[in-house]
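# Observations on the three-dimensional arrangement
One-letter residues, chain by chain:
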Amino acid sequence: MVTVSVIIVNYRTYNLTVAAINAVHRVLKGYSYELIVIDNHSNDESYDRLLALTDANTHIYKPPNTFGYGNNYGVCRSSGKYLFFLNSDTILYDHVLIDMIGYMKSHTEIGVMSCLMENGDGAPLVISHRFETLKTLFLQTIIKPIVPQKIQDRRAKINHLSYSGRVTDCDWVSGAAMLMPRKVFDLVGGWNELFFMYMEDEELCFRIHKSGYKVVVYPRLGLRHLIGKSGGSSFVAYEKYKSS
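Residues numbered from 1 in each chain as written. Predicted model: local features only at pLDDT ≥ 70, side-chain atom pairs only at ≥ 80, totals over all residues. Heavy atoms only, no water.

Turning to the overall build of the protein, a few remarks are in order. A tally of helices and strands in the protein yields nine helices and 11 strands. Taking all 244 residues of the protein together, the buried fraction comes to 51%. Put simply, of all contacts in the protein between residues at least 6 apart along the chain, 80% involve residues at least 24 apart. For the protein, the accessible area works out to roughly 11700 Å², and carbon and sulfur atoms hold 55% of it. (Helix = DSSP H or I, 4+ residues; strand = E, 2+ residues; numbered from the N terminus. Buried < 20%, exposed > 50% of the residue type's maximum accessible area, 1.4 Å probe, protein only. Contact = heavy atoms within 4.5 Å. Areas by Shrake-Rupley, 256 points an atom, 1.4 Å probe, with all protein chains shown as cover.)

Here it is, written out as structure tokens:
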């Protein structure tokens, strides 16, 4: 059994996925890990091209189904004591993941942990959220499009300035980067496979809370997230990342 299994689901983002894979190998070099890459039925050449990256630490699969199913499929083929779900449109930064695992080992009340993130321009991202209600869903779909972004930002509970170097509890974190003990994943039954993409991270965190575990954010910048690129064309985002 390795310490951590990193699971990446690719959906038509070959270039970004390769960059994410290379970053994982760089960050975890010498550590006990494996990398599971799932192609989510991309219907392009992604899978065949990714197969060429197979090595002792990297395993490529192609189950034809949803994002949730792809993650669950990856877990079934993994052996890590800890599971790290990572978007294909992310670039890990050095050491933070290893530090997160160390913290989680000594805080067994934690069911999910994420970290601080920045976007492709280096601006901080909101990475923790409240659970949605009928009211907030209404505001998101009807009111949000006509409200200035400055006012929207006030609603965010936690951003980079509110951590003050401490691990912080929240309702749910983005599925772009989620670290979990395998035992917690097994306890709650894994990802909900009825979701094709989006909101499955919130639903998973809800079940983890109900099981008595905490959802937290680690107060260090751990990765760059090219928002929204994991669900479609990656060329523009990839070229922008290379030139940054």
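It is worth spelling out the side chain of Ser174 at this point. Within the secondary structure, Ser174 is located in the loop between β9 (172–173) and β10 (177–181). Polar contacts involving the side chain of Ser174 include one to the main-chain amide nitrogen of Ala176, which spans 3.0 Å. Look past the residues within four positions of Ser174 in its chain and what remains in contact with it is Ser114, Ile127 and Asp201. (Polar contact = N/O pair within 3.5 Å; in protein donor to acceptor, adjacent residues only side chain to side chain.)

Take helix α3 (residues 67–76) next. Most of α3 sits out of view: eight of its 10 residues are buried. Buried residues of α3: Phe67, Gly68, Gly70, Asn71, Asn72, Tyr73, Gly74 and Val75, and no others. Buried residues belonging to α3 abut β1 (4–10), β2 (33–39), β3 (58–61), β4 (82–87), α7 (182–188) and α8 (200–210).

Looking at the protein as a whole, its pLDDT mean stands at 83, while 75% of the residues score no less than 70. Per-residue pLDDT, averaged within each element of the protein, yields its smallest value for helix α9 (residues 235–242) (38) and its largest for α7 (98). A low-confidence stretch, residues 155–161 stays under pLDDT 50, and its non-local contacts, those more than four residues away or across chains, total 18 contacts. This model gives residues 232–244 a pLDDT under 50, and the stretch forms 21 contacts once residues within four places in sequence are excluded. (pLDDT = per-residue confidence, 0-100.)

Once that is clear, we can look at the state of the cysteines. Taken as a whole, this structure holds zero disulfides when the rule is applied. Left without a disulfide partner, Cys205 is nearest to the cysteine sulfur of Cys170, which lies 7.0 Å away. By relative accessible area, Cys205 is classed as buried at 0%. (Disulfide = S-S within 2.5 Å.)

Taken as a whole and assessed by the stated rule, the structure comprises five aromatic pairs. When the ring of Tyr61 is compared with that of Tyr73, the centres are 5.8 Å apart and the planes differ by 70°; the resulting orientation is edge-to-face. In this pair, Tyr61 sits in strand β3 while Tyr73 sits in helix α3, placing the two residues 12 residues apart along the sequence. Overall, Tyr61 belongs to the partly exposed group, its relative accessible area being 22%. Here the aromatic rings of Tyr103 and Tyr218 are separated by 6.0 Å at their centres, their planes lie at 65°, and the arrangement is edge-to-face. Of this pair, Tyr103 sits in helix α4 (residues 96–105) while Tyr218 sits in strand β11 (residues 214–225); the two residues are 115 residues apart in sequence, bridging distant segments of the chain. For Tyr103, a relative accessible area of 25% gives the class partly exposed. Taking relative accessible area as the criterion, Tyr218 reaches 12% and is therefore assigned buried. Its end group placed over the ring of Tyr61, Arg77 keeps NZ or CZ at 5.8 Å from the ring centre. (Phe/Tyr/Trp six-rings, centres within 6.5 Å; stacked < 30°, edge-to-face > 60°. Lys NZ or Arg CZ within 6 Å of the ring centre and 35° of its normal.)

Along β1, seven of the seven residues are buried, which leaves the element largely enclosed by surrounding structure. Pairing geometry for β1 and β2, over seven bridges, is parallel. Residue pairing in the sheet places Ser5 in a bridge with Glu34 of β2. Between the parallel pair β1 and β2, the chain is carried across by helix α1 (residues 14–27), and the sense of this crossover is right-handed. Summarising the sheet, β1 and β4 pair through six bridges and their orientation is parallel. Considered in β4, the bridge of Val4 is made with Tyr82. (Pairing = 2+ DSSP bridges. Right-handed = clockwise from strand over helix to strand, strands pointing away.)

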